[in-house]
Amino acid sequence: MFSLWQDMRYSLRMIAKSPGYAAIAILTLALGIGANTTIFSWINSALLNPVPGLSNPNEVVTLTLSKPWEDPFPLTYPDVEAMRDGQESFTGIAACNFVQMSLTGKGKPERVWGMVATANYFDVLGVRPIFGRGFLPVEDEKPGVAPVAVISYRLWQTHFGANPEIMGQIVKINQHPYTIVGVTPAVFQGSQTGVRSDIWIPIMMEPQLEPLGDFLHDHHQFWLRACGSPARALLAAGPTEDGSGSVGCAD
(Lines give C-alpha, C1' and ligand atoms only; values in the text may rest on other atoms or scores of the structure.)
Protein backbone atom coordinates (compact mmCIF):
# COMPACT_ATOMS: atom_id res chain seq x y z
CA MET A 1 0.00 0.00 0.00
CA PHE A 2 2.86 2.36 0.87
CA SER A 3 4.52 1.63 -2.47
CA LEU A 4 1.26 2.37 -4.29
CA TRP A 5 0.92 5.69 -2.48
CA GLN A 6 4.49 6.61 -3.47
CA ASP A 7 3.76 5.80 -7.11
CA MET A 8 0.64 7.96 -7.03
CA ARG A 9 2.55 10.91 -5.51
CA TYR A 10 5.26 10.55 -8.14
CA SER A 11 2.68 10.45 -10.94
CA LEU A 12 0.95 13.57 -9.63
CA ARG A 13 4.27 15.44 -9.46
CA MET A 14 5.05 14.49 -13.07
CA ILE A 15 1.60 15.66 -14.18
CA ALA A 16 2.09 18.96 -12.35
CA LYS A 17 5.45 19.49 -14.07
CA SER A 18 4.09 18.75 -17.59
CA PRO A 19 0.35 19.54 -17.61
CA GLY A 20 0.18 19.87 -21.40
CA TYR A 21 1.75 16.48 -22.02
CA ALA A 22 -0.47 14.93 -19.34
CA ALA A 23 -3.61 16.42 -20.94
CA ILE A 24 -2.65 15.04 -24.35
CA ALA A 25 -1.95 11.58 -22.87
CA ILE A 26 -5.27 11.53 -20.99
CA LEU A 27 -7.19 12.73 -24.07
CA THR A 28 -5.52 10.09 -26.26
CA LEU A 29 -6.37 7.38 -23.75
CA ALA A 30 -9.99 8.57 -23.52
CA LEU A 31 -10.36 8.62 -27.31
CA GLY A 32 -8.88 5.13 -27.58
CA ILE A 33 -11.24 3.72 -24.96
CA GLY A 34 -14.20 5.46 -26.61
CA ALA A 35 -13.29 4.17 -30.07
CA ASN A 36 -12.86 0.61 -28.83
CA THR A 37 -16.18 0.76 -26.99
CA THR A 38 -17.94 2.04 -30.11
CA ILE A 39 -16.39 -0.62 -32.33
CA PHE A 40 -17.26 -3.41 -29.90
CA SER A 41 -20.85 -2.12 -29.61
CA TRP A 42 -21.18 -2.13 -33.40
CA ILE A 43 -19.71 -5.63 -33.71
CA ASN A 44 -22.01 -6.90 -30.97
CA SER A 45 -25.16 -5.37 -32.50
CA ALA A 46 -24.38 -5.98 -36.19
CA LEU A 47 -22.50 -9.29 -36.15
CA LEU A 48 -22.78 -11.13 -32.84
CA ASN A 49 -26.38 -10.29 -32.03
CA PRO A 50 -27.95 -8.57 -35.09
CA VAL A 51 -31.59 -8.96 -34.00
CA PRO A 52 -31.81 -9.10 -30.19
CA GLY A 53 -34.97 -10.52 -28.71
CA LEU A 54 -35.53 -13.42 -31.11
CA SER A 55 -36.23 -16.71 -29.39
CA ASN A 56 -34.25 -18.74 -31.98
CA PRO A 57 -32.19 -16.36 -34.16
CA ASN A 58 -30.42 -19.24 -35.92
CA GLU A 59 -33.77 -20.46 -37.23
CA VAL A 60 -34.74 -17.23 -39.03
CA VAL A 61 -33.43 -16.53 -42.54
CA THR A 62 -33.67 -13.64 -44.97
CA LEU A 63 -35.55 -14.14 -48.23
CA THR A 64 -34.46 -11.91 -51.12
CA LEU A 65 -34.20 -11.88 -54.90
CA SER A 66 -30.44 -11.31 -54.83
CA LYS A 67 -27.36 -13.52 -54.94
CA PRO A 68 -25.11 -14.07 -51.88
CA TRP A 69 -22.56 -11.46 -53.08
CA GLU A 70 -25.23 -8.82 -53.83
CA ASP A 71 -27.09 -6.44 -51.55
CA PRO A 72 -30.46 -7.82 -50.37
CA PHE A 73 -33.15 -6.87 -52.88
CA PRO A 74 -36.68 -6.25 -51.54
CA LEU A 75 -39.82 -8.07 -52.63
CA THR A 76 -43.29 -7.05 -53.75
CA TYR A 77 -46.28 -8.06 -51.65
CA PRO A 78 -47.50 -10.43 -54.42
CA ASP A 79 -44.02 -12.03 -54.27
CA VAL A 80 -44.48 -12.61 -50.54
CA GLU A 81 -47.95 -14.07 -51.06
CA ALA A 82 -46.65 -16.41 -53.77
CA MET A 83 -43.80 -17.65 -51.56
CA ARG A 84 -46.03 -18.02 -48.51
CA ASP A 85 -48.89 -19.95 -50.10
CA GLY A 86 -48.55 -23.54 -51.17
CA GLN A 87 -44.99 -24.21 -49.94
CA GLU A 88 -43.63 -26.64 -47.35
CA SER A 89 -40.03 -25.41 -46.93
CA PHE A 90 -40.93 -22.85 -44.25
CA THR A 91 -43.17 -23.02 -41.24
CA GLY A 92 -43.83 -19.31 -41.72
CA ILE A 93 -42.89 -16.41 -44.02
CA ALA A 94 -43.29 -12.82 -42.83
CA ALA A 95 -42.63 -9.44 -44.42
CA CYS A 96 -42.09 -5.92 -43.12
CA ASN A 97 -41.16 -2.40 -44.15
CA PHE A 98 -40.10 0.76 -42.32
CA VAL A 99 -42.48 3.72 -42.22
CA GLN A 100 -42.02 7.07 -40.48
CA MET A 101 -45.02 7.75 -38.25
CA SER A 102 -46.46 10.74 -36.41
CA LEU A 103 -47.81 9.78 -33.00
CA THR A 104 -50.47 12.07 -31.51
CA GLY A 105 -53.48 11.88 -29.24
CA LYS A 106 -51.64 10.75 -26.09
CA GLY A 107 -48.83 12.81 -24.61
CA LYS A 108 -46.58 15.12 -26.62
CA PRO A 109 -46.68 14.68 -30.43
CA GLU A 110 -43.74 12.58 -31.54
CA ARG A 111 -42.19 11.45 -34.82
CA VAL A 112 -41.01 7.83 -34.65
CA TRP A 113 -39.97 5.00 -36.92
CA GLY A 114 -42.37 2.10 -37.18
CA MET A 115 -43.07 -0.92 -39.33
CA VAL A 116 -45.93 -2.31 -41.32
CA ALA A 117 -45.74 -6.09 -41.01
CA THR A 118 -47.65 -9.22 -41.88
CA ALA A 119 -49.79 -10.69 -39.13
CA ASN A 120 -47.35 -13.55 -38.51
CA TYR A 121 -44.35 -11.21 -38.08
CA PHE A 122 -43.95 -11.75 -34.33
CA ASP A 123 -44.68 -15.48 -34.62
CA VAL A 124 -41.97 -16.04 -37.27
CA LEU A 125 -39.43 -14.11 -35.19
CA GLY A 126 -40.50 -15.87 -32.00
CA VAL A 127 -41.18 -12.58 -30.18
CA ARG A 128 -43.89 -12.60 -27.52
CA PRO A 129 -45.29 -9.27 -26.29
CA ILE A 130 -44.90 -8.77 -22.55
CA PHE A 131 -48.35 -7.15 -22.45
CA GLY A 132 -51.30 -7.85 -24.70
CA ARG A 133 -50.81 -9.66 -27.98
CA GLY A 134 -49.29 -9.51 -31.43
CA PHE A 135 -51.36 -9.55 -34.61
CA LEU A 136 -54.17 -11.97 -35.43
CA PRO A 137 -54.49 -13.88 -38.73
CA VAL A 138 -57.79 -12.09 -39.44
CA GLU A 139 -55.89 -8.79 -39.39
CA ASP A 140 -54.04 -9.93 -42.52
CA GLU A 141 -57.07 -10.56 -44.73
CA LYS A 142 -58.51 -7.25 -45.98
CA PRO A 143 -57.00 -3.77 -46.41
CA GLY A 144 -58.07 -1.17 -43.87
CA VAL A 145 -59.87 -3.43 -41.39
CA ALA A 146 -57.19 -3.76 -38.66
CA PRO A 147 -56.40 -0.35 -37.04
CA VAL A 148 -54.34 -1.87 -34.21
CA ALA A 149 -50.79 -1.24 -33.07
CA VAL A 150 -48.08 -2.97 -31.07
CA ILE A 151 -45.64 -0.56 -29.43
CA SER A 152 -42.08 -0.97 -28.17
CA TYR A 153 -41.17 -1.17 -24.51
CA ARG A 154 -39.14 2.04 -24.92
CA LEU A 155 -42.12 3.95 -26.34
CA TRP A 156 -44.37 2.56 -23.61
CA GLN A 157 -41.92 3.89 -21.03
CA THR A 158 -41.09 7.28 -22.56
CA HIS A 159 -44.30 8.34 -24.30
CA PHE A 160 -46.95 6.62 -22.20
CA GLY A 161 -45.23 6.76 -18.81
CA ALA A 162 -45.28 2.94 -18.40
CA ASN A 163 -49.05 3.13 -17.97
CA PRO A 164 -50.22 -0.37 -16.86
CA GLU A 165 -53.61 0.36 -18.45
CA ILE A 166 -52.13 0.93 -21.91
CA MET A 167 -53.97 -1.98 -23.54
CA GLY A 168 -57.01 -0.77 -25.48
CA GLN A 169 -56.02 2.90 -25.49
CA ILE A 170 -56.57 4.85 -28.69
CA VAL A 171 -53.75 6.86 -30.26
CA LYS A 172 -53.49 8.64 -33.59
CA ILE A 173 -50.85 7.48 -36.03
CA ASN A 174 -50.51 9.73 -39.08
CA GLN A 175 -53.81 11.30 -37.99
CA HIS A 176 -55.68 7.97 -37.94
CA PRO A 177 -56.95 6.26 -34.74
CA TYR A 178 -55.32 2.99 -33.72
CA THR A 179 -55.93 0.74 -30.72
CA ILE A 180 -52.84 -0.40 -28.80
CA VAL A 181 -52.99 -4.18 -28.40
CA GLY A 182 -49.47 -5.11 -27.28
CA VAL A 183 -46.07 -4.07 -25.91
CA THR A 184 -42.89 -5.82 -27.05
CA PRO A 185 -40.08 -6.98 -24.70
CA ALA A 186 -37.49 -4.34 -23.78
CA VAL A 187 -34.68 -6.10 -25.66
CA PHE A 188 -36.57 -6.23 -28.97
CA GLN A 189 -36.11 -3.13 -31.15
CA GLY A 190 -37.25 -4.47 -34.51
CA SER A 191 -35.83 -6.77 -37.14
CA GLN A 192 -33.51 -4.41 -39.01
CA THR A 193 -29.96 -4.23 -37.72
CA GLY A 194 -29.00 -0.81 -36.42
CA VAL A 195 -32.44 0.79 -36.77
CA ARG A 196 -34.93 0.93 -33.92
CA SER A 197 -38.66 0.49 -34.50
CA ASP A 198 -41.18 1.75 -31.95
CA ILE A 199 -44.55 0.89 -33.53
CA TRP A 200 -45.79 -2.08 -35.55
CA ILE A 201 -48.94 -1.88 -37.70
CA PRO A 202 -50.59 -4.69 -39.71
CA ILE A 203 -49.49 -4.55 -43.33
CA MET A 204 -53.13 -4.29 -44.42
CA MET A 205 -53.14 -0.73 -43.00
CA GLU A 206 -50.32 0.37 -45.29
CA PRO A 207 -52.63 2.18 -47.77
CA GLN A 208 -53.83 4.38 -44.90
CA LEU A 209 -50.34 5.17 -43.63
CA GLU A 210 -48.80 5.82 -47.06
CA PRO A 211 -51.58 6.57 -49.56
CA LEU A 212 -49.23 6.88 -52.53
CA GLY A 213 -50.22 3.78 -54.46
CA ASP A 214 -51.62 0.28 -54.25
CA PHE A 215 -48.49 -1.39 -52.91
CA LEU A 216 -50.42 -4.48 -51.79
CA HIS A 217 -51.31 -5.47 -55.35
CA ASP A 218 -48.58 -3.85 -57.46
CA HIS A 219 -46.13 -6.36 -58.95
CA HIS A 220 -43.60 -3.58 -59.63
CA GLN A 221 -43.29 -2.06 -56.15
CA PHE A 222 -40.29 -3.73 -54.48
CA TRP A 223 -40.64 -2.50 -50.91
CA LEU A 224 -40.73 -5.43 -48.48
CA ARG A 225 -38.06 -7.27 -46.52
CA ALA A 226 -39.08 -10.88 -45.98
CA CYS A 227 -37.93 -13.51 -43.53
CA GLY A 228 -38.86 -17.10 -42.91
CA SER A 229 -38.64 -19.83 -40.34
CA PRO A 230 -37.40 -22.89 -42.26
CA ALA A 231 -38.68 -26.39 -41.72
CA ARG A 232 -36.28 -28.65 -39.80
CA ALA A 233 -35.14 -30.46 -42.95
CA LEU A 234 -34.08 -27.17 -44.59
CA LEU A 235 -32.22 -26.07 -41.45
CA ALA A 236 -30.27 -29.32 -41.45
CA ALA A 237 -29.29 -28.81 -45.10
CA GLY A 238 -27.84 -25.33 -44.42
CA PRO A 239 -27.95 -22.17 -46.61
CA THR A 240 -28.99 -22.53 -50.23
CA GLU A 241 -26.80 -21.53 -53.18
CA ASP A 242 -29.11 -18.69 -54.22
CA GLY A 243 -28.39 -16.74 -51.02
CA SER A 244 -31.67 -17.28 -49.19
CA GLY A 245 -29.96 -18.50 -46.05
CA SER A 246 -28.62 -15.41 -44.32
CA VAL A 247 -29.63 -14.76 -40.72
CA GLY A 248 -32.08 -11.97 -39.84
CA CYS A 249 -35.23 -10.47 -41.28
CA ALA A 250 -34.00 -7.27 -42.84
CA ASP A 251 -30.23 -7.15 -42.80
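Note that the structure is a prediction, hence the values are computed from the model and not measured.

Each value, and the rule that gives it
- Residues numbered from 1 in each chain as written.
- Predicted model: local features only at pLDDT ≥ 70, side-chain atom pairs only at ≥ 80, totals over all residues.
- Heavy atoms only, no water.
- Helix = DSSP H or I, 4+ residues; strand = E, 2+ residues; numbered from the N terminus.
- Buried < 20%, exposed > 50% of the residue type's maximum accessible area, 1.4 Å probe, protein only.
- Contact = heavy atoms within 4.5 Å.
- Polar contact = N/O pair within 3.5 Å; in protein donor to acceptor, adjacent residues only side chain to side chain.
- Pairing = 2+ DSSP bridges.
- Salt bridge = Lys/Arg side-chain N within 4 Å of Asp/Glu carboxyl O.

Attention shifts here to the environment of Phe98. Looking at the element boundaries, Phe98 is found in strand β2 (residues 90-104). Here Phe98 falls in the buried class, since its relative accessible area comes to 16%. Each C-alpha atom of the pair Phe98 and Met115 lies 4.5 Å from the other, and the pair is 17 residues apart in sequence. For Phe98, the residues in contact, after removing those within four places along its chain, are Trp113, Gly114, Met115, Gln192, Val195, Arg196 and Ser197.

Now for the environment of Glu110. On the secondary structure map, Glu110 appears in strand β3 (residues 110-117). Along the sequence, Glu110 and Ile173 sit 63 residues apart, while their C-alpha atoms lie 9.8 Å from each other. Excluding anything up to four places from it in sequence, Glu110 contacts Met101, Ser102, Leu103, Arg154, Leu155 and His159. At 2.8 Å, the side chain of Glu110 forms a polar contact with the side chain of His159.

Further remarks concern the pairing of strand β9 (residues 225-230). Of all 6 residues in β9, 5 are buried, a share of seventy percent or more. As defined by bridge partners, strand β1 (residues 61-63) adjoins β9 across 3 bridges and the pair is classed as antiparallel. Bridge pairing in β9 places Val61 opposite Gly228. Relative to β9, β2 is paired through 6 bridges, and the arrangement is antiparallel. Along β9, the bridge assignment pairs Phe90 with Pro230.

Turning our attention to the pattern of salt bridges. Tallied over the full model, the rule gives 7 salt bridges. Note that Asp85 and Arg84 form a salt bridge whose closest N and O atoms lie 3.4 Å from each other. With relative accessibility at 24%, the residue Arg84 sits in the partly exposed group. Salt-bridge contacts for Arg196 lead to Asp198; the nearest nitrogen and oxygen are separated by 3.6 Å. Arg196 sits in the partly exposed class, given a relative accessible area of 40%.

Remember, this is a structural readout, not a statement about activity or role.
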